[in-house]
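Architecture at a glance
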Amino acid sequence: MIIAIDGPVGSGKSTIAKLVAQKLGFTYIDTGAMYRAVALKIIKTKTPLKVSEIVKMMENTKIDLVQTEEGLKVYLDGEDVTEEIRTEDVAKLASQIARYGEIRKRLVQFQRKLGERAGNVVIEGRDTGTVIFPNAELKIYLTASPEERARRRYEQLKEKGFNVPFEHLVEKIRERDKMDMERKESPLKPAEDSVIIDTTDKTIDEVVEIIINLAKERMKKS
Ligand code: DC
């Protein structure tokens with residue numbers, strides 16, 4: 001069974017997808033981590049921001065997602081970059097390069113292969129239900145207001161000891177929404193047959209429960 005979860009930054013996607021996968025014993029695939037890994041490599045190798053150069057670089061790049069006891073680890077050419085890919089700079093560049101069809105095509109191929117190999121998966125990103133697995137048994141689209149998403153990010157950063165102005169975070173979120181939703185190639189949007197869940201006033205556990213119940217219903221039907 002494939003559960004595809006899409007949504008904008010801060011919608012709770014990653015946290016929720018991880019928990020759903022854990023509870024169902026499914027493999028968790030974070031597609032955004034791959035765009036981030038490519039972006040990190042561009043920064044590290046100073047690859048020019050030209051599609052042909054990036055594609056060439058990708059041919060000599062190995063990205064691995066490894067499921068461990070501590071959660072999903074991301075390896076770039078054998079190096080653990082799980083933490084390093086989480087910065088704002090990497091996120092912004094990931095969103096910029098995600099506009100290009102040639103780059104997406106390669107990552108989508110890889111993501112499909114990973115999903116098919118794993119069998120039972122929760123895959124999360126922006127196009128998992130629209131492009132990667134249009135036949136997924138269950139498609140979820142998570143949303144929340146930009147202010148609520150910024151508040152969540154603010155709390156996360158505060159916990160890590162960073163004090164970033166709230167307004168700045170709202171601005172960053174709007175900027176990334178615009179890039180992800182208005183691009184020509186596989187823009188972020190709900191699949192026609194997705195279940196849309198607004199998480200603004202819901203706890204993580206509530207959303208996880210809704211998804212698990214939907215998954216169980218669909219499993220019974222098939
Ligand atoms: O989910 P995330 O924040 O880690 O994703 C980083 C960027 O990668 C996001 O702004 C857009 C892009 N992305 C995408 O275009 N398609 C995906 N399936 C996943 C991420």
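Please refer to the structure placed before this passage.
Because the structure is a prediction, the values reported are computed rather than measured.

We now examine the packing of aromatic side chains. In this description, a pair of aromatic rings is defined by centroid distance and the angle of the planes. Applying the stated rule across the entire model yields one aromatic pair. Here Tyr154 and Phe166 contribute two aromatic rings whose centre-to-centre distance is 6.4 Å and whose plane-to-plane angle is 80°, an arrangement assigned as edge-to-face. Linking Tyr154 in helix H7 (residues 146–159) with Phe166 in helix H8 (residues 166–182), this pair joins segments that are 12 residues apart in sequence. Overall, the relative accessible area of 31% leaves Phe166 in the partly exposed class.

Our next topic: the nonpolar core. Ile3, Val38 and Ile211 are the most contacted members of the largest nonpolar core, which has 57 residues in total. Sort the elements by how many residues they give to this core and helix H2 (residues 32–45) lands first, with eight residues. Those residues in contact with Ile211, other than ones at most four positions away along the chain, are Ile3, Ile5, Ile16, Val20, Leu138, Ile140 and Ile197. Counting residues in each nonpolar core, the second largest holds six residues, with Ala150, Leu169, Val170 and Ile173 among its members.

How each quantity is defined
Residues numbered from 1 in each chain as written. Predicted model: local features only at pLDDT ≥ 70, side-chain atom pairs only at ≥ 80, totals over all residues. Heavy atoms only, no water. Phe/Tyr/Trp six-rings, centres within 6.5 Å; stacked < 30°, edge-to-face > 60°. Helix = DSSP H or I, 4+ residues; strand = E, 2+ residues; numbered from the N terminus. Buried < 20%, exposed > 50% of the residue type's maximum accessible area, 1.4 Å probe, protein only. Core = buried A, V, L, I, M, F, W, Y, C linked by side-chain atoms within 4.5 Å. Contact = heavy atoms within 4.5 Å.

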